[in-house]
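# Commentary on secondary and tertiary structure
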Amino acid sequence: MVEKAKKIWIDGKFVDWDDANVHILTHTLHYGLGIFEGIRCYECEDGRSAVFRLPEHVERFFNSAHSMFMKMPFSQEEITQAILDTLLTNEQKAAYIRPLAFIGEGAMGLHPQDNPVRVSIVTWPWGAYLGEEGLTKGIRAKVSSFTRHHPNILMTKTKTCGNYVNSILAKLEVTTDGYDEAIMLDPDGYIGEGTGENIFIVRKGVLRTPPLTSILPGITRDCVITIARDLGFAVQEERFSRDDLYAANEAFFTGTAAEITPIREVDNRTIGEGLPGPLTRTLQDTFFQVVKGTKQDYSHWLTYL
Ligand SMILES: *Cc1c(COP(=O)(O)O)cnc(C)c1O
């Protein structure tokens, strides 16, 4: 259950949590054309709060809308301010932030040209997405029988609501069988990403992650690549197959929700020692220091409240 906050920002106004309702003919509810973001605000070591990589998330939100022909009724500056205002109004020191742009009621066909584009922002406390134990001990993943989207079927670089039906099918499939998270192959059969996370492997000290051909360009993925290179590690953005994953010394997922979650097992094969590996732990430690504002070199990634 999501813990209620005081207010929800919707179409430029704050409404009480329980009053943030929509009509049943809301177009997005029927056909899935809507776009969203997932952002985190962390409580920093010095007691202040900072939104992590806010401009990049807002930019991606608008890119998603543009690709989907959704004309945003607000500017990037207005949405940025609305996100900060929502956190301040709800007096949350740390929160997950969910901006959503959706198509309101009007025409019910598949051509919602004149329906209003509506925007909401909800913030709520959200701990470790794949569990606190997952974060410290690693999770068990399974390659799903559901393939990730082909780029000519859906737009894989957007966080489009309907895209996630594919993720939900994969997640249901593997969690029903007792695994924690699904890994999805791309349409050519190479490792793509998780249901809402990017994936990395480590082999002989070198990091590898799939290129941005048909996967979501994760902001956490970008952080990990940047931090790893700054620490002197080589990072290759190259395709790899599931047997490369089985033979990896370390593997982990990255995402705003999942942060950096180690993978200790894939398809019942132990990865490395079956524990979070040394490079994974270094990256995790550095990442948590960065988001909590104790690494000066990355302070430009923080927007303080
Ligand atoms: C959001 C998401 C990610 C991770 O992106 P971040 O910007 O790191 O949060 C990866 N894959 C999919 C499919 C996603 O929806």
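A brief structural summary. (Residues numbered from 1 in each chain as written. Predicted model: local features only at pLDDT ≥ 70, side-chain atom pairs only at ≥ 80, totals over all residues. Heavy atoms only, no water.)

### Here we look at the site of the ligand
- Close contacts around the ligand come from 15 residues, with K159, Y164, I219, T220 and T256 the closest.
- With respect to the ligand, the side chain of Y164 contributes an N or O atom lying 2.4 Å from an oxygen atom.
- Note that a nitrogen atom of the ligand is positioned 2.7 Å from one of the side-chain N or O atoms of E193.
- Here the ligand loses 96% of its free accessible area of 380 Å² to cover by the protein chains.
- Looking at the shell around the ligand, its residues break down into three nonpolar, seven polar and five charged. (Near = heavy atom within 4 Å. Polar contact = N/O pair within 3.5 Å; in protein donor to acceptor, adjacent residues only side chain to side chain. Areas by Shrake-Rupley, 256 points an atom, 1.4 Å probe, with all protein chains shown as cover. Nonpolar A, V, L, I, M, F, W, Y, C, P; charged D, E, K, R; others polar.)

### Points about the side chain of T286
- Positionally, T286 belongs in helix α8 (residues 278–291).
- Of the polar contacts made by the side chain of T286, one reaches the backbone oxygen of T282; its length is 2.7 Å.
- If sequence neighbours within four positions are ignored, T286 has contacts with I227, L231 and K295. (Helix = DSSP H or I, 4+ residues; strand = E, 2+ residues; numbered from the N terminus. Contact = heavy atoms within 4.5 Å.)

### What to know about the pattern of salt bridges
- Per the counting criterion, the structure on display carries 18 salt bridges.
- The closest approach of N and O atoms between R40 and E259, which form a salt bridge, is 3.6 Å. Of this pair, R40 sits in strand β4 (residues 39–43) while E259 sits in strand β15 (residues 259–266), placing them 219 residues apart in sequence. Of the two residues, R40 and E259, both sit in the buried class.
- Here E237 ties to R221 by a salt bridge, and the two come within 2.6 Å at their closest N and O atoms. Here the residue E237 occupies a position in strand β13 (residues 235–237), and R221 occupies one in helix α6 (residues 219–230), the gap between them amounting to 16 residues.
- You can call E237 partly exposed: its relative accessible area is 37%. (Salt bridge = Lys/Arg side-chain N within 4 Å of Asp/Glu carboxyl O. Buried < 20%, exposed > 50% of the residue type's maximum accessible area, 1.4 Å probe, protein only.)

Keep in mind these numbers describe shape, not what the thing actually does.
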